[in-house]
Amino acid sequence: MMGNSLHNKIYLGRRSIALLQSRRVQAWLCLGAFASIGLVWLAIRSFK
């Protein structure tokens, strides 16, 4: 019963936000975004 309390849900939500604020996670997200943009650009260019 304790695991489903509102306090635990809020705490877990804050913890996942804190995870996104770490430098390593931000770097991987940025790198992944640039890689996916590059792949989309290559795909669009190859279809033309």
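Okay, so let's go over this structure. (Residues numbered from 1 in each chain as written. Predicted model: local features only at pLDDT ≥ 70, side-chain atom pairs only at ≥ 80, totals over all residues. Heavy atoms only, no water.)

**Observations concerning the overall build of the protein chain**
Looking only at helices and strands, the protein chain features two helices and zero strands. Residues classed as buried in the protein chain amount to 0% of the 48 residues present. Split by element, the accessible area of the protein chain, about 4,900 Å² in all, is 70% carbon and sulfur. (Helix = DSSP H or I, 4+ residues; strand = E, 2+ residues; numbered from the N terminus. Buried < 20%, exposed > 50% of the residue type's maximum accessible area, 1.4 Å probe, protein only. Areas by Shrake-Rupley, 256 points an atom, 1.4 Å probe, with all protein chains shown as cover.)

**A closer look at a nonpolar patch on the surface**
On the surface, a nonpolar cluster with roughly 360 Å² of combined accessible area is contributed by Leu39, Trp41 and Leu42. By the element assignment, tryptophan 41 lies in helix H2 (residues 23-47). Under the relative-accessibility criterion, tryptophan 41 is labelled exposed at 52%. (Patch = residues over 30% accessible without salt bridge, like charges linked within 9 Å, V, L, I, M, F, W, Y side chains within 5 Å. Salt bridge = Lys/Arg side-chain N within 4 Å of Asp/Glu carboxyl O.)

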